[in-house]
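Observations on chain architecture
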Amino acid sequence: METIKGLYDVVLKRKNSPQEGSYTCYLFEKGLDKILKKCGEECSEVIIAAKNGNKEDTREEICDLLYHLLVMMAQQGISVEEIEEILEKRRQKIGNLKEFHQTDHNT
Ligand SMILES: N=c1c2ncn([C@@H]3O[C@H](COP(=O)(O)OP(=O)(O)OP(=O)(O)O)[C@@H](O)[C@H]3O)c2ncn1[C@@H]1O[C@H](COP(=O)(O)O)[C@@H](O)[C@H]1O
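The notes below deal with the structure included here. These figures come from a predicted structure and were not determined experimentally. (Residues numbered from 1 in each chain as written. Predicted model: local features only at pLDDT ≥ 70, side-chain atom pairs only at ≥ 80, totals over all residues. Heavy atoms only, no water.)

Right, let's get into the layout of surface pockets. Leftover empty space is mapped by rolling, across the atoms, a probe with the size of a water molecule. As a volume, the largest pocket reaches approximately 170 Å³. With five residues, helix H4 (residues 55–76) is the single largest residue contributor to the lining of the largest pocket. Within the lining of the largest pocket, the residues separate by chemical class into ten nonpolar, no polar and no charged. (1 Å grid on protein atoms, 1.4 Å probe; cavity = no way out; pocket = protein on both sides within 12 Å on 5 of 7 lines; lining within 4 Å. Points joined across faces, edges and corners; volume = space filled by probe spheres on them. Helix = DSSP H or I, 4+ residues; strand = E, 2+ residues; numbered from the N terminus. Nonpolar A, V, L, I, M, F, W, Y, C, P; charged D, E, K, R; others polar.)

As structure tokens, this is what we get:
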């Protein structure tokens with residue numbers, strides 16, 4: 001998660017101080033519709049690579065998707081910490097539920 005947070009920080013920096021030649025700045029300039037279009041495209045590319053069973057391509061496409069999702073999160077004002085918090089709550093809730101079902105409640 002540290003690498004993802006580090007990348008998110010770079011994306012935020014690009015959002016707050018535009019830099020020439022930056023692809024991230026280009027996306028922010030284009031706006032939400034362009035960012036969402038890229039997320040959709042990259043998601044499709046992940047699906048195609050996985051369906052083809054090409055692990056190397058799938059890894060690369062996952063990275064493209066993650067990057068574009070981070071740009072979308074920054075555009076929407078959603079932090080990595082907020083997402084982590086939700087995932088952590090779900091992990092605990094679902095983990096507890098599984099534990100509950102595995103326990104013999106008839107004794
Ligand atoms: N992780 C990425 C990353 N993944 C993918 N991409 C870019 O995403 C683009 C996607 O390629 P496509 O062929 O789908 O798109 P395109 O035809 O180039 O452009 P459009 O379709 O968007 O018009 C490529 O230009 C890639 O360089 C990324 N660009 C930047 N990063 C990270 O963001 C950091 C900051 O980058 P800059 O903002 O460019 O300084 C970099 O150091 C990287 O860590």
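Moving on, we come to a nonpolar patch on the surface. A cluster of nonpolar residues, Met1, Ile78, Ile83, Ile86 and Leu87, forms a patch on the protein surface that exposes about 410 Å² of accessible area. Counting through the fold element by element, Ile78 comes out in the loop between H4 and helix H5 (80–102). (Patch = residues over 30% accessible without salt bridge, like charges linked within 9 Å, V, L, I, M, F, W, Y side chains within 5 Å. Areas by Shrake-Rupley, 256 points an atom, 1.4 Å probe, with all protein chains shown as cover. Salt bridge = Lys/Arg side-chain N within 4 Å of Asp/Glu carboxyl O.)

A contiguous patch of negative charge on the surface is contributed by Glu45, Glu56, Asp57, Glu60 and Asp64. In terms of residue count, the dominant contributor to the negative patch is H4 (four residues). On the secondary structure map, Glu56 appears in helix H4. The class of Glu56 is exposed, set by a relative accessible area of 58%. (Lys, Arg positive; Asp, Glu negative; His and termini not counted. Charge placed at Lys NZ, Arg CZ, Asp CG, Glu CD. Buried < 20%, exposed > 50% of the residue type's maximum accessible area, 1.4 Å probe, protein only.)

It is worth spelling out the side chain of Ser22 at this point. Tracing the sequence through the fold places Ser22 in the loop between helix H1 (2–16) and helix H2 (23–30). Within the structure, the side chain of Ser22 is placed 3.2 Å from the backbone nitrogen of Thr24, a separation counted as a polar contact. (Polar contact = N/O pair within 3.5 Å; in protein donor to acceptor, adjacent residues only side chain to side chain.)

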